[in-house]
Amino acid sequence: MNGAPAFPFDDGAGGCPHRCRHDDLPGGLANGRPRAWGNCVISGLLGCLFLALAGCGNRPSEVEHRPADAGRATTDAKAPAGAGSAIGPWFVDVAPERGIDFQHHAPATPRHLIEETMGSGVAWIDFDADHWPDLLCLQATSAHRLYRNRGDGTFVDVTRSSGLDAVRPAFGAAVGDYDNDGWDDVALTHVEGLTLLRNVAGRFVDATETVGLAGANPHWGTSCAWGDLDGDSFLDLYVCNYVEIGGANAPVCRDAASGLYYSCPPSAYPRTTHRLFWNRRGERFEDISATAGIADASPAPGLAVVIVDLDGDLRPDIYVANDLFPAYLFRNRTEPGEPPRLEERATLAGCALGPNGASMSGMCAEAAEVDGSGRPALFVTNFQGQPNVLFRNRGQLRFDESSTPSGLGPPSRDKLGFGAAFLDADLDGELDLAVANGHVYRSAMELLKVPYAQPLQLFRGRGRGQFRDESAKAGPAFAWPRVGRGVARADFDRDGRPDLAVSAVGGPVALLRNTATPASPWIGLELVGDGRHANRNAVGATIRIHLAPGDTPAPSASAPLATHFLAGGGSYLSAHDRRLSIGLGSEANGDSPTKAREVSIEVTWPEGTRQSFFGLEPNRYWRLDQGGGAVAVGPASPATSSMTSGRP
């Protein structure tokens, strides 16, 4: 009736003779993607049972990717005329010239299996503890690659010498020092479970069996995240599970009109609960999914997780973006000295569903303070035809859906969003947002007249929870279409300007160097817990920044300039660097034309103790040690140390 394609369940060889058409269903198909599906049942009668529908897309028949250097800009690329102010964000892809030659391998079977759509993540990890972030690029079907940062902005492949050459394929990664020995470890997720790699002085050893995780999650894990849920200073591990695949009865979806296959939605598959593994003082892990309350939530296809204190009670909560099913918000109710205990509250909190009560195709979960409230908001990417979603935190575990008022929703409707990262791209003191886009259907153009490969987006923060799409001013790397998936933030050259790594299905990893002229002085921070009262990674810490007048008072004597949270997880299948690069705003410009005002930092460590650090010089990185002092890491940045002019 409306010309919509038919989407049957097909056995791949002529299959189910009863073809279930979208125009046979009440309300048709929203944006081309079925929200829920039944199976073609052969039992004397043939039929298809369908549930509610929402969201859509499809795929081009072959994976599209550019040649190795096509579309890349070099570091001396200039902004085209009309590209915006000189201090506007400006990114260039420097991957090949800096030594990053990773190419994602994308299987493309004729049946368009759901696992082919996922891509894989990227993770920043300082694996050799030299204070320079290194880059781990994941493969879901073949070998990973680890690139060591040489400290001069270039990288070298150390996959073999680091012990990663024999590690099984994986989709997602979480970086965390689970045993508090000062060396960052890695959890990897894959179709059949979980791998834990222990970092032994810069070389990785498979500790999965040693710590009790072998066979502990025999499901398709996607994103995972570390967080100290019981306050014992050891990081616990949350693992999102997607759907149950494999077997002779795996669904296959085919358009009746064109005969084209496309990947079935997650609701066509059986689902399972997610997993929470309790860290028993760095020696072993215990699956407490049932006793902790995780298994009480209805099974849902999870794709992203972020762990952060959402209600200000000094206990980290867990927010999970699910695909076509309501999101989870596990409120932390753990009592001192007791095992973790959580309760699912997303619906009551107002962050389970998107605009107008529609389920989100949640591919990403990010958390950051964006509106001056001092509380972390939540951001979720969504399917093409649906807006990306921002939930503003109103306190007391109440959220308002603010997709349209924030400016993040409307410009995203013609994209399919995956990974994302909050970052202060122009160092003006307001967080911006970068989003990777790319469809999941290789035949998207043939079936839906929408592109498979899609450009990145950059939303510039304007303060008070407001954003503006300024992708056109962000540089050629943001205009080039790619089948974007993972996004991870790090200042890899330590010049204060946060950079990005972006993964793509069947394409190269992009290393997007930020060359924007800073709008104000900045400060870089690396927090280190003592390993006794707080985890070494300081995941769960809150940072409040104060500008120091002539006489430095206690930070609590004045309102903070900004509040930042060290969250666990975030983005999609990927891991950000934990170091923060924070713009201080024009107020930080000092009276002297060559010197910015000093900064005071107030840290609330994960277990609740507060510590203040006074008189920190801007335009450089500082290591803040729990119970110790502040130590400058490297020299002040020559590119920005004399920056005195504010944002026009």
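Residues numbered from 1 in each chain as written. Predicted model: local features only at pLDDT ≥ 70, side-chain atom pairs only at ≥ 80, totals over all residues. Heavy atoms only, no water.

**Section: the overall build of the protein**
A tally of helices and strands in the protein yields six helices and 41 strands. The proportion of buried residues among the 648 residues of the protein is 62%. Summarising the internal contacts of the protein: among those between residues at least 6 apart in sequence, 61% fall at separations of at least 24. If you sum the accessible surface of the protein, you get close to 22600 Å²; carbon and sulfur atoms cover 50% of it. (Helix = DSSP H or I, 4+ residues; strand = E, 2+ residues; numbered from the N terminus. Buried < 20%, exposed > 50% of the residue type's maximum accessible area, 1.4 Å probe, protein only. Contact = heavy atoms within 4.5 Å. Areas by Shrake-Rupley, 256 points an atom, 1.4 Å probe, with all protein chains shown as cover.)

**A closer look at the state of the cysteines**
Counted according to the given criterion, the structure contains one disulfide. Here Cys-253 engages in a disulfide with Cys-264; their sulfurs sit 2.1 Å apart. Linking Cys-253 and Cys-264, the disulfide has an S-S dihedral of approximately 120° and is accordingly described as right-handed. Within this pair, whereas Cys-253 is found in strand β14 (residues 253–254), its partner Cys-264 is found in the loop between β15 (261–262) and β16 (275–280), the two being separated by 11 residues in sequence. Cys-253 gets classed as buried once you look at its relative accessible area, which sits at 0%. Classification of Cys-264 as buried rests on a relative accessible area of 4%. (Disulfide = S-S within 2.5 Å.)

**A look at the sheet that holds strand β9 (residues 185–190)**
The antiparallel open sheet is built from four strands, whose spatial order is β8-β9-β10-β11. A strand with exactly one partner marks an edge of an open sheet, and here the two such strands are β8 (172–176) and β11 (203–206). Here the strands of the sheet are splayed against their neighbours by 25° on average, with no regard to which way each runs. As defined by bridge partners, strand β10 (residues 193–200) adjoins β11 across four bridges and the pair is classed as antiparallel. Each bridged residue has a counterpart across the sheet, and for Arg-198 the counterpart in β11 is Val-205. (Pairing = 2+ DSSP bridges. Axes fitted to C-alpha atoms, helices over the stretch in contact; angles between N-to-C directions.)

**Considerations on the pattern of salt bridges**
According to the stated counting rule, one finds 30 salt bridges in the structure shown. Notably, a salt bridge pairs Arg-579 with Asp-126, separated by 2.8 Å at the nearest N-O pair. Of this pair, Arg-579 sits in the loop between β36 (568–569) and β37 (580–583) while Asp-126 sits in the loop between β4 (122–125) and β5 (134–137), and the two are 453 residues apart along the sequence. Asp-126 matches Arg-579 in its accessibility class, with the two residues each being buried. The partner of Arg-275 in a salt bridge is Asp-287, and the shortest N-O contact between them spans 3.6 Å. With Arg-275 in strand β16 and Asp-287 in strand β17 (residues 284–287), this residue pair connects regions lying 12 residues apart in the sequence. On the basis of relative accessibility, which here comes to 14%, the residue Arg-275 falls in the buried class. (Salt bridge = Lys/Arg side-chain N within 4 Å of Asp/Glu carboxyl O.)

**Quick look at the sheet that holds strand β12 (residues 221–227)**
Spatially, β12-β13-β16-β17 is the arrangement adopted by the four strands of the open sheet, whose pairing is antiparallel. With one partner strand each, in any of the chains shown, β12 and β17 form the two edges of the open sheet. Pairs of neighbouring strands in the sheet enclose a mean axial angle of 25°, with direction left out of account. One ladder, built from four bridges, connects β16 with β17; its direction is antiparallel. Bridged to Phe-277 within β17 is Asp-287.

**Brief notes about the nonpolar core**
The biggest cluster of nonpolar side chains holds 23 residues, and the ones touching the most others in it are Met-118, Trp-220 and Tyr-242. Beyond its immediate sequence surroundings of up to four residues, Trp-220 is in contact with Ile-114, Glu-115, Met-118, Phe-171, His-190, Val-191, Cys-240, Asn-241, Tyr-242, Val-243, Glu-244 and Ile-245. Residues Val-306, Tyr-319, Met-360 and Leu-378 belong to the second largest nonpolar core, which totals 22 residues. (Core = buried A, V, L, I, M, F, W, Y, C linked by side-chain atoms within 4.5 Å.)

**Topic: unusual backbone geometry**
Trans peptide bonds make up most of the peptide bonds, and negative phi angles are found at most residues other than glycine. In this structure, Ala-201 takes a positive phi of about 55° despite not being glycine. Within the secondary structure layout, Ala-201 lies in the loop between β10 and β11. Its identity is not glycine, yet Leu-427 carries a phi of approximately 55°, on the positive side. Looking at the secondary structure, you find Leu-427 in the loop between β26 (417–423) and β27 (432–437).

**Brief notes about the confidence of the model for the protein**
Counting all residues, the mean pLDDT for the protein is 85, and 82% of those residues have values of 70 or more. Counted against residues more than four places away or in other chains, residues 639–648, with its pLDDT under 50, gives 29 contacts. (pLDDT = per-residue confidence, 0-100.)

**Points about the packing of aromatic side chains**
A full pass over the atoms with the stated rule returns 17 aromatic pairs. With a centroid separation of 5.7 Å and 50° between ring planes, the pair formed by Phe-155 and Phe-492 is classed as tilted. Of this pair, Phe-155 sits in strand β7 (residues 155–157) while Phe-492 sits in the loop between β30 (484–490) and β31 (499–504); the two residues are 337 residues apart in sequence, bridging distant segments of the chain. Arranged with centres 5.5 Å apart and planes meeting at 45°, the rings of Phe-171 and Trp-220 form a pair that is tilted. Remark: Trp-220 occurs in the loop between β11 and β12 and Phe-171 occurs in the loop between β7 and β8; sequence separation between them is 49 residues. Neither residue differs from the other here; Phe-171 and Trp-220 are each classed as buried. Each member of the aromatic cluster is reached from another via a ring pair, and the members are Trp-124, Phe-155 and Phe-492. For Arg-280, the ring lying beneath its charged end belongs to Trp-278, and the centroid distance is 3.8 Å. Over the ring of Trp-132 we find Arg-494; its NZ or CZ atom is 3.8 Å from the centre of that ring. (Phe/Tyr/Trp six-rings, centres within 6.5 Å; stacked < 30°, edge-to-face > 60°. Lys NZ or Arg CZ within 6 Å of the ring centre and 35° of its normal.)

**Focus on the pairing of strand β41 (residues 630–633)**
Relative to β41, strand β40 (residues 621–625) is paired through four bridges, and the arrangement is antiparallel. Each residue of the ladder has a partner; that of Trp-622, found in β41, is Ala-632. Count of turn residues in the β40/β41 antiparallel hairpin: four residues, of which Gly-627 carries a positive phi of about 75°.

**With respect to the side chain of Thr-381**
With respect to the secondary-structure elements, Thr-381 resides in the loop between β23 (377–380) and β24 (389–395). Only 3.2 Å separates the side chain of Thr-381 from the backbone nitrogen of Cys-364, close enough to count as a polar contact. For Thr-381, the side chain forms a polar contact with the main-chain oxygen of Gly-417, separated by 3.4 Å. The contact partners of Thr-381, leaving out residues within four places of it in the chain, are Ser-361, Gly-362, Met-363, Cys-364, Asn-388, Gly-417, Phe-418, Ala-420 and Val-435. (Polar contact = N/O pair within 3.5 Å; in protein donor to acceptor, adjacent residues only side chain to side chain.)

**A closer look at the environment of Val-205**
Positionally, Val-205 belongs in strand β11. Among the residues examined, Val-205 registers a relative accessible area of 41% and is labelled partly exposed. Sequence-wise, Val-205 and Leu-164 are 41 residues apart; in three dimensions their C-alpha atoms are separated by 8.5 Å. In this view, Val-205 contacts Leu-196, Leu-197, Arg-198 and Val-200; residues no more than four positions away in its chain are not counted.

**A look at the pairing of strand β18 (residues 302–308)**
Of all seven residues in β18, seven are buried; the element is thus mostly enclosed. In the sheet, β18 pairs with strand β19 (residues 317–322) via six bridges, with the strands oriented antiparallel. In the strand pairing of β19, Val-308 is matched with Asp-317. One ladder, built from two bridges, connects β18 with β36; its direction is antiparallel. Its bridge partner lying in β36, Ile-307 is registered against Gly-568.

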